[in-house]
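Chains, contacts and geometry: an overview
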Amino acid sequence: MPYEAPDLANLSLSDIAELVAARKLPPVESWTPEQTGDSEMRIAADGKWYHQGGEIKRPAMVRAFSSLLLCDADGKHWLVTPQQKLSIAVDDAPFIAVELQSEGEGKDRTLAFRLNSDDLVFADADHTIEMRNGLPYLHVRGGLWAKLARPVYYELANLALAEDPEGVTISSKGAQFSLMAPA
């Protein structure tokens, strides 16, 4: 059966929560393979994946590889299996947040994001939104981040401005995030 990407517009927050809970990622943090090398792969700043210069166009492959991603304490990215740890070049962030769903208002708001890997992430205290060089990023897991696609950022900024025109902040699951670039 072919994989179908989730469509946030047609999902309730409880549907999204079920999908998030059902996604079982491999325990890459606990694997310590002795064999290391270079995957000859790169994730471009626009979120496209490449192997030996050719774009990986199958979404299922990107989804599979993204589940093996790890970022170490030095900020280096790896594809990890129990047998191998292969470096992967990441131009900016390994993920792009391509869709947003918002329910509620103010401190009762919940924000859910769909990534280009079709992973779903709720913004909360563990999955923060922060500004870097004027661009918004969402913490995905470990040291892995997603850059918000421009339309998603504009949608998020419009929500924040509607609620807080002065401070441009937005809340999700009890956590508050500023969309202003740090001074």
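In what follows, the accompanying structure is described. (Residues numbered from 1 in each chain as written. Predicted model: local features only at pLDDT ≥ 70, side-chain atom pairs only at ≥ 80, totals over all residues. Heavy atoms only, no water.)

Below, the discussion takes up unusual backbone geometry. Of note in this structure, glutamine 52 is not a glycine but carries a positive phi near 50 degrees. When you line up the elements, glutamine 52 lands in the loop between β2 (49-51) and β3 (54-55). Residue class for glutamine 52 comes out exposed when judged on its relative accessible area of 57%. Notably, aspartate 118 is not glycine yet its phi reads approximately 70 degrees, a positive angle. Along the chain, the position of aspartate 118 falls in the loop between β8 (110-115) and β9 (120-122). Its relative accessible area of 9% is what places aspartate 118 among the buried residues. (Helix = DSSP H or I, 4+ residues; strand = E, 2+ residues; numbered from the N terminus. Buried < 20%, exposed > 50% of the residue type's maximum accessible area, 1.4 Å probe, protein only.)

Within this structure, the stated rule accounts for two aromatic pairs. Between the aromatic rings of tryptophan 49 and phenylalanine 65, the centroid separation amounts to 6.4 Å while the plane-to-plane angle is 15 degrees, which identifies the pairing as stacked. With tryptophan 49 in strand β2 and phenylalanine 65 in helix α2 (residues 59-66), the pair connects residues that are 16 residues apart, well separated along the chain. Given the relative accessible area of 2%, tryptophan 49 is considered buried. Across from the ring centre of tryptophan 78, 4.6 Å away, lies the NZ or CZ of lysine 85, which sits over that ring. In this structure, lysine 173 is placed above the aromatic ring of phenylalanine 122, and the distance from its NZ or CZ to the ring centre is 4.4 Å. (Phe/Tyr/Trp six-rings, centres within 6.5 Å; stacked < 30°, edge-to-face > 60°. Lys NZ or Arg CZ within 6 Å of the ring centre and 35° of its normal.)

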